[in-house]
Amino acid sequence: MALSPREKLLAHIGLPLSPAILELALTHRSFAYENGGIPTNERLEFLGDSVLGIIVTEELFNRFPDFPEGRLAKLRAATVNMRALAEVGRFLELGEALMIGKGEEVTGGREKNSMLADSFEALIGAIYVDQGFDKTVIFVRRIMAPTIEAAENLGAGLDWKTSLQELAAQLGRGLPEYSVEESGPDHLKDFVATCTVGKNALGTGAGKSKKEAEQRAAAAAFAALEEQK
């Protein structure tokens, strides 16, 4: 007998989640709106985002003891961004198990990066509430291991200006442009960069060099573009 979408998901998770918390984790706001305003998974998503962040951050901190803060931040961003989390959701076959509204169903909501990433965070929140922190850590380490390894292997791909240029091209937004303002004496200058994509200022960043400021502006713009997808 074929497994149901929820049974497949639970098999991937490997933990006996209570039916009630799983139901809540899978309830998208579009479904709730069409069914009398029942509770949605958004509170669990809020919790799961923080839980996932601390587990991944600690994992990177321990795994790469020689990496500076900036490198660790890039690895974390590459690991927990929307696209990366959506791919984990696809591996879990999470989309099939979601309860979504008719409008989302028609427009392919089950495969949208934003919905899969948000729902994965809600699932993390549900595991944390139902099973506790220690079991959540074990699950996240296991399920996120391939994503962390892929981020580690990106190398130069973690260069934010390069990553932003690639993402902007994928979205048809044109080439990012940078403007930099500097202040302070010659021996102690400060730089502030603004990154513009398609005439929209999407990110700013400060640094002790033009390159550092532009990288931070690119990172902010990358995150902004991800949110717009």
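Since this is a predicted model, take the numbers as computed values, not measurements. (Residues numbered from 1 in each chain as written. Predicted model: local features only at pLDDT ≥ 70, side-chain atom pairs only at ≥ 80, totals over all residues. Heavy atoms only, no water.)

Asks: Whenever I open this one, the packing of aromatic side chains confuses me. Can you help?
Replies: Aromatic ring pairs are described here by two measures, namely the spacing of the ring centres and the angle between the planes. For the structure shown, the criterion picks out three aromatic pairs. Relative to Phe133, the ring of Tyr128 has its centre 6.3 Å away and its plane inclined at 80 degrees; by these criteria the two rings are edge-to-face. Between the aromatic rings of Trp160 and Phe222, the centroid separation amounts to 5.4 Å while the plane-to-plane angle is 55 degrees, which identifies the pairing as tilted. Taken together, the residues span a long stretch of sequence, with Trp160 in helix α11 (residues 160–170) and Phe222 in helix α12 (residues 210–228) at a distance of 62 residues. For Trp160, a relative accessible area of 11% puts it in the buried group. (Phe/Tyr/Trp six-rings, centres within 6.5 Å; stacked < 30°, edge-to-face > 60°. Helix = DSSP H or I, 4+ residues; strand = E, 2+ residues; numbered from the N terminus. Buried < 20%, exposed > 50% of the residue type's maximum accessible area, 1.4 Å probe, protein only.)

Asks: How do you make sense of the UniProt feature "domain: RNase III" (unreviewed entry) in the protein chain when you look at a structure like this?
Replies: As annotated by UniProt and renumbered to match this structure, "domain: RNase III" (unreviewed entry) occupies residues 7–132. In residues 7–132, helix accounts for 73% and strand for 0%; the two terminal C-alpha atoms are 21 Å from one another. (UniProt positions renumbered as here; feature names shortened; annotations may be inferred.)

Asks: Any chance you could explain the packing of helix α5 (residues 69–80) against helix α6 (residues 82–91) here in plain terms?
Replies: A pair of packed helices is captured by two measures, namely the crossing angle of their axes and the spacing between those axes. For the pair α5 and α6, interaxial distance at closest approach is 4 Å and the crossing angle is 45 degrees. It follows from the interaxial angle that α5 and α6 lie oblique. Listed contacts from α6 to Ala78, Thr79 and Val80 of α5 are Met82, Ala84 and Leu85. (Axes fitted to C-alpha atoms, helices over the stretch in contact; angles between N-to-C directions. Parallel < 35°, antiparallel > 145°, perpendicular 65-115°, else oblique. Contact = heavy atoms within 4.5 Å.)

Asks: So what exactly am I meant to see when it comes to the domain arrangement of the protein chain here?
Replies: By a widespread convention, an interface's size corresponds to the accessible area lost as its parts come together. When its domains are assigned, the protein chain resolves into domain 1 (5–157) and domain 2 (160–227). A C-alpha centroid distance of 28 Å is found between domain 1 and domain 2. The interface of domain 1 with domain 2 comprises six residues on the first partner and eight residues on the second. Interface area, domain 1 with domain 2, both sides summed: about 640 Å², of which 48% is carbon and sulfur. Across the contact surface, domain 1 and domain 2 share zero salt bridges. For the interface between domain 1 and domain 2, the tally reads one residue pair in polar contact (both at pLDDT 80 or more). (Domains from an automatic or database assignment. Buried area = accessible area lost by both parts, 1.4 Å probe. Salt bridge = Lys/Arg side-chain N within 4 Å of Asp/Glu carboxyl O. Polar contact = N/O pair within 3.5 Å; in protein donor to acceptor, adjacent residues only side chain to side chain.)

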